[in-house]
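Each chain is listed here by its residues.
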Amino acid sequence: MTRKERATRVCEILNNEYGTNIKCYLEYDPAKPWQLLFATILSAQCTDERVNLVTRDLFKKYPELSDFAAADALEFEKDIFSIGFYRNKAKNIIACANVLLEDFHGELPSDIDELTSLPGVGRKTANVIRGNIFNIDSIVVDTHVKRVSNLLGLTKLDDPVKIEYDLMKVVPKEQWTLYNHQIIAHGRKVCIARRPKCSECVLREVCVNKNA
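Residues numbered from 1 in each chain as written. Predicted model: local features only at pLDDT ≥ 70, side-chain atom pairs only at ≥ 80, totals over all residues. Heavy atoms only, no water.

## Focus on the overall build of the chain
- A tally of helices and strands in the chain yields 11 helices and 0 strands.
- Overall size of the chain, expressed as C-alpha extent along the three principal axes, is 55 × 30 × 30 Å.
- Each of the 212 residues in the chain was classed as buried or not, and the buried ones make up 47%.
- For the chain, contacts bridging at least 24 residues in sequence account for 62% of all contacts bridging at least 6.
- Of the accessible surface of the chain, which amounts to about 11,000 Å², a share of 49% is contributed by carbon and sulfur atoms. (Helix = DSSP H or I, 4+ residues; strand = E, 2+ residues; numbered from the N terminus. Buried < 20%, exposed > 50% of the residue type's maximum accessible area, 1.4 Å probe, protein only. Contact = heavy atoms within 4.5 Å. Areas by Shrake-Rupley, 256 points an atom, 1.4 Å probe, with all protein chains shown as cover.)

## Regarding the packing of helix α2 (residues 34–42) against helix α3 (residues 48–61)
- Two elements in contact, α2 and α3, have axes whose closest approach is 10 Å; the angle formed by their N-to-C orientations is 140°. Classified by the angle their axes make, α2 and α3 are oblique. Considering how the two elements wind past one another, α2 and α3 form a crossing that is right-handed. Contacts between α2 and α3 involve Gln35, Ala39 and Leu42 on the former and, on the latter, Val51, Thr55, Leu58 and Phe59.
- Taken together, the residues of the contact of α2 with α3 sort by class into 5 nonpolar, 2 polar and no charged. (Axes fitted to C-alpha atoms, helices over the stretch in contact; angles between N-to-C directions. Parallel < 35°, antiparallel > 145°, perpendicular 65-115°, else oblique. Left-handed = near helix turned anticlockwise from the far one by under 90°. Nonpolar A, V, L, I, M, F, W, Y, C, P; charged D, E, K, R; others polar.)

## Describing the pattern of salt bridges
- For the coordinates displayed, the defined rule picks out 11 salt bridges.
- Salt-bridge contacts for Arg9 lead to Glu12; the nearest nitrogen and oxygen are separated by 3.2 Å. Separated by 3 residues within a single helix, Arg9 and Glu12 lie in helix α1 (residues 3–18), roughly one turn from each other.
- For Arg9, a relative accessible area of 29% translates into the label partly exposed.
- Salt-bridge contacts for Lys61 lead to Asp79; the nearest nitrogen and oxygen are separated by 3.0 Å. Remark: Asp79 occurs in helix α5 (residues 73–79) and Lys61 occurs in helix α3; sequence separation between them is 18 residues.
- With relative accessibility at 40%, the residue Lys61 sits in the partly exposed group.
- Connected through salt bridges with shared partners, the residues Arg9, Glu12 and Glu205 form a single ionic network. (Salt bridge = Lys/Arg side-chain N within 4 Å of Asp/Glu carboxyl O.)

That is the geometry; function is a separate question.
Dropping the structure here:
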């Protein structure tokens, strides 16, 4: 079985197991898509559950993009103190809000280069926005996608950007955004780091690293 054939079969199994409705685990107001951008910046090396706990209060305290842009840095750091790397994240989010207002008239850009020009926004964050806000087929390489994709033999690479391009070659394009969500669900439920439930895994038939 080639990598492309394996990827196609993986997607078929995931569609059957988890469905084809895209579910974003980070909470945000669809009328304010910049909220997802900031939540995604906060989610780096932090759980979605923790981020959602913080943003429920954060988005009430700072209801508009202009409120984020005008936020006091020290106070904002206290607002997100329970999230890792809070100083850098506070600085980037405030700066990002200002750039969005000044350079993009308060609107999120959909272009990958424009998104990654924003403070604190790398390809992973940009692809979350492109896939969930603009419905642009995008591969998001988080820890689950990186780990599970390697176990499945869909890539042998370690660098997230290289993995993104590697997966784009084999995963059907119409599945790119969906693949992210399904693999995250599978990584949390079954293919758990350090204690995978291989005997219960629906992907066992195509996994090249399954346990005996």
